Amino acid sequence: MRCQECDHQNTEGAWLCINCGAKLPRPEDQEQAAETSGQPAGSSAESDEPSRFAPQISENLRRLRDRTERERAQQRPTRASPGSSGSFLGIPIMVWGLVIFLFVAFVYAMSALQ
């Protein structure tokens, strides 16, 4: 089912366009409109307007998009100096401490075998 506002292809039976949020035409709505206006469903003077193809984003969708963009910007890691983030070469200091401890224990065990 194509959206009349942005010409996006939506799944059959959808009520709103997933791209722009516009209400999608329902078969029962088209039949009612045809009965009240006396015109067949699908033929109207509005269908030739160029503004029909411009995407119309509702205020709620715009707010949702803005909020999502702000949340994504907050989640992006920022580059900090190596000492301030508690890691070295992207590995936490605790892991480096464990690696050094194991290395020293290994060297001590090897020297005791000689």
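Before going into details, it helps to say that this report is about the structure given with it. (Residues numbered from 1 in each chain as written. Predicted model: local features only at pLDDT ≥ 70, side-chain atom pairs only at ≥ 80, totals over all residues. Heavy atoms only, no water.)

A few points about the overall build of the protein chain
- A tally of regular secondary structure across the protein chain gives three helices and two strands.
- Ordering the α and β elements of the protein chain from the N terminus gives α-α-β-β-α.
- The long-range share in the protein chain, meaning contacts at least 24 apart out of those at least 6 apart in sequence, stands at 24%.
- Accessible area of the protein chain: about 9,800 Å², with a carbon and sulfur share of 59%. (Helix = DSSP H or I, 4+ residues; strand = E, 2+ residues; numbered from the N terminus. Contact = heavy atoms within 4.5 Å. Areas by Shrake-Rupley, 256 points an atom, 1.4 Å probe, with all protein chains shown as cover.)

Some words on unusual backbone geometry
- Even without glycine at this site, Asp7 takes up a positive phi of about 65 degrees.
- Looking at the element boundaries, Asp7 is found in the segment before α1 (27–37).
- We classify Asp7 as partly exposed; its relative accessible area is 39%. (Buried < 20%, exposed > 50% of the residue type's maximum accessible area, 1.4 Å probe, protein only.)

Examining the side chain of Asn10
- Position of Asn10 relative to the elements: it lies in the segment before α1.
- The exposure class of Asn10 is buried, given its relative accessible area of 7%.
- Among the polar contacts made by the side chain of Asn10, one reaches the main-chain amide nitrogen of Ile18 at a distance of 3.0 Å.
- Discounting residues that sit within four places of it in the chain, Asn10 has contacts with Met1, Cys3, Leu16, Cys17, Ile18 and Leu24. (Polar contact = N/O pair within 3.5 Å; in protein donor to acceptor, adjacent residues only side chain to side chain.)

Some words on the pattern of salt bridges
- Inspection of the entire model under this criterion finds two salt bridges.
- Arg62 is the partner of Asp66 in a salt bridge, and the nearest nitrogen-oxygen pair spans 2.8 Å. Separated by four residues within a single helix, Asp66 and Arg62 lie in helix α2 (residues 59–75), roughly one turn from each other.
- Residue Arg62 is classed as partly exposed on the basis of its relative accessible area of 33%.
- Residue Arg65 pairs with Asp66 through a salt bridge whose shortest N-O separation is 4.0 Å.
- Taking relative accessible area as the criterion, Asp66 reaches 22% and is therefore assigned partly exposed.
- It is possible to trace a salt-bridge network through shared partners that takes in Arg62, Arg65 and Asp66. (Salt bridge = Lys/Arg side-chain N within 4 Å of Asp/Glu carboxyl O.)

Concerning the environment of Met1
- Topologically, Met1 is positioned in the segment before α1.
- With a relative accessible area of 18%, Met1 lands in the buried category.
- Met1 has contacts with His8, Gln9, Asn10, Thr11, Glu12, Gly13, Ala14, Leu24 and Pro25, leaving out every residue within four places of it along the chain.

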